[in-house]
Amino acid sequence: MQLASEEARQGAEENNFPVGSVIVKDGEVIGVGHNRHRETGDPTSHAEIEAIRDAARRAPGVDPSDLFGGAVCYTTMMPCQMCAGAIIRFGFTKVVVAEVETYVDSGAQPLMERQGLAVEVGREQYCIDLVETYYQSNPAFEQIMRSARRGRLEL
């Protein structure tokens, strides 16, 4: 989780919402990423998607099912529905989340659990503090992330 937290910090330094993600398979890091939507102009540049892209670049020609099957996604925030869908689609077995206190969950946890993924949630103070600091500079974004109407997936 420390590497995911470092990715989140890097994202925050680039003025992105501070989320970081690391993919581990067989005890080895195969991909890392952080939110990059400001640099790319691509609203799908979420930390988990960036980590998936990084792993795929590192293993050209490897089938995604082989690459990600059995992998664990470490992420500093509960994945959104889009990222959860990618995690499910590519056969990850577990998601480890640093914290769920700084925002309203979009409903992705029960979605992943219904698909057989283990979801482990922690309370990493560093990640909480990083998001709270970001909110101080971006109060409008805080309102969006703490809104109960934030695109919650009903199951």
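Preceding this section is the structure that the text describes.
Residues numbered from 1 in each chain as written. Predicted model: local features only at pLDDT ≥ 70, side-chain atom pairs only at ≥ 80, totals over all residues. Heavy atoms only, no water.

1. Quick notes on the overall build of the chain
Put simply, the test is: Put simply, DSSP marks the helices as runs of H or I at least four residues long and the strands as runs of E at least two long, and each gets a number from the N terminus on. It is over C-alpha atoms that the radius of gyration is taken, and the globule rule equals 2.2 Å times the number of residues to the power 0.38. Note on exposure labels: buried denotes an accessible area under 20% of the residue type's maximum, exposed denotes more than 50%, and partly exposed covers the range between, all computed with a 1.4 Å probe on protein chains only. The method behind every accessible area is Shrake-Rupley, applied with a 1.4 Å probe, and residues are considered shielded solely by the protein chains displayed. Under the convention used here, Asp and Glu are negative, Lys and Arg are positive, and both His and the chain ends fall outside the count. Charged groups are reduced to one reference atom each: NZ for lysine, CZ for arginine, CG for aspartic acid, CD for glutamic acid.
A count of helical and extended segments in the chain gives eight helices and five strands. Tracing the chain from N to C terminus, the helices and strands come up as α-β-β-α-α-α-β-α-β-α-β-α-α. The C-alpha radius of gyration computed for the chain amounts to 15 Å, which stays within 12% of the reference 15 Å derived for 155 residues, consistent with globular compactness. Viewed in the frame of its principal axes, the chain has a C-alpha envelope of about 40 × 35 × 30 Å. The buried share among the 155 residues of the chain stands at 45%. Split by element, the accessible area of the chain, about 7,600 Å² in all, is 49% carbon and sulfur. When the 15 basic and 23 acidic side-chain charges of the chain are each reduced to a single mean position, those positions are 5 Å apart.

2. Thoughts on the pairing of strand β5 (residues 118–121)
Consecutive side chains along a regular strand alternate between the two faces of the sheet. Rules: Paired strands, in this sense, are two strands between which DSSP finds at least two bridges.
As judged from the four bridges shared by strand β4 (residues 94–97) and β5, these two strands associate in the parallel manner. Its bridge partner being in β5, valine 97 is matched across the sheet by valine 121.

3. Some remarks on the environment of glycine 69
Heads up, the rule is: In what follows, residue pairs with any heavy atoms lying within 4.5 Å of each other are defined as contacts.
With respect to the helices and strands, the residue glycine 69 is situated in the loop between α4 (64–68) and β3 (72–75). Under the relative-accessibility criterion, glycine 69 is labelled partly exposed at 26%. Apart from residues no more than four positions distant in its own chain, glycine 69 is found in contact with Lys25, Pro64, Phe90 and Gly91.

4. Here we look at helix α3 (residues 47–58)
In plain terms, the rule: What a helix should span is 1.5 Å times the count of its residues minus one.
Taking 1.5 Å of rise per residue, the 12 residues of α3 would be expected to cover 16 Å, and the 16 Å separating its terminal C-alpha atoms lies within 8% of that figure. Those residues of α3 that fall on the buried side of the exposure criterion are Ala47, Glu48, Ile49, Glu50, Ala51, Ile52, Asp54 and Ala55. For α3, the elements touching its buried residues are β1 (20–25), β2 (28–34), α4, β3 and α5 (81–89).

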